[in-house]
Amino acid sequence: LLVDGLDARDLRPLREWEDITRLRGTRARRLREFVDRGADLGLMKLRPVWLVNPDVASRLLPLRKALFDKVIYDEASQMTIEYALPTLYRSRAMVVSGDEKQMPPTAFFSSR
């Protein structure tokens, strides 16, 4: 389904991808750098769905306004607003799912 809906004109030529797709050597890129540069080349068209938690999104994804069309929060009552804000900045729209009967966020498992 992803291939059928993909317009090749939305992607940059293959020779431009070669610089960021090196896995080893001096020209190898870190994952964050790969995502940052790949976004300009059409990476979000190739991989439109990303499943990450807010902490990983903050560390991995570049802080670009409207990088994604939508961000979906499930079990939103378990998340503090500090973790949500950076990912909200990366989206054009959001879907928030949760209910008032869930327990609020807790720091019980965090280390001191």
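Notes on the structure follow. (Residues numbered from 1 in each chain as written. Predicted model: local features only at pLDDT ≥ 70, side-chain atom pairs only at ≥ 80, totals over all residues. Heavy atoms only, no water.)

A few words now on the environment of Glu75. One can find Glu75 in the loop between β1 (68-73) and α5 (81-89). On the basis of relative accessibility, which here comes to 38%, the residue Glu75 falls in the partly exposed class. Along the chain, Glu75 and Met44 lie 31 residues apart, while their C-alpha atoms are 25 Å from each other. With residues up to four places along the chain from it excluded, the contact list for Glu75 reads Ser97 and Gln102. (Helix = DSSP H or I, 4+ residues; strand = E, 2+ residues; numbered from the N terminus. Buried < 20%, exposed > 50% of the residue type's maximum accessible area, 1.4 Å probe, protein only. Contact = heavy atoms within 4.5 Å.)

So, on to the packing of aromatic side chains. Scanning the model with the defined rule gives 1 aromatic pair in all. Between Trp50 and Phe68 the ring centres are 6.2 Å apart and the planes differ by 65°, which places this aromatic pair in the edge-to-face class. Placement of the pair is Trp50 in the loop between α3 (43-46) and α4 (54-60) and Phe68 in strand β1, with a sequence separation of 18 residues. (Phe/Tyr/Trp six-rings, centres within 6.5 Å; stacked < 30°, edge-to-face > 60°.)

What follows concerns the pattern of salt bridges. Applying the stated rule across the entire model yields 9 salt bridges. Two residues, Asp36 and Arg64, come together in a salt bridge whose shortest N-O distance is 3.1 Å. Residue Asp36 is located in helix α2 (residues 31-41), and its partner Arg64 is located in the loop between α4 and β1; the two are separated by 28 residues in the primary sequence. Look at Asp36 and you get partly exposed, because its relative accessible area is 30%. By relative accessible area, Arg64 is classed as partly exposed at 24%. Here Arg64 ties to Asp40 by a salt bridge, and the two come within 2.9 Å at their closest N and O atoms. Pair noted here: Arg64 is in the loop between α4 and β1 and Asp40 is in helix α2, with a separation of 24 residues, a long-range link. Beyond isolated ion pairs, a larger network of salt bridges with shared partners links Asp19, Arg29, Glu33 and Arg37. (Salt bridge = Lys/Arg side-chain N within 4 Å of Asp/Glu carboxyl O.)

Purely geometric stuff here, so don't read any function into it on its own.
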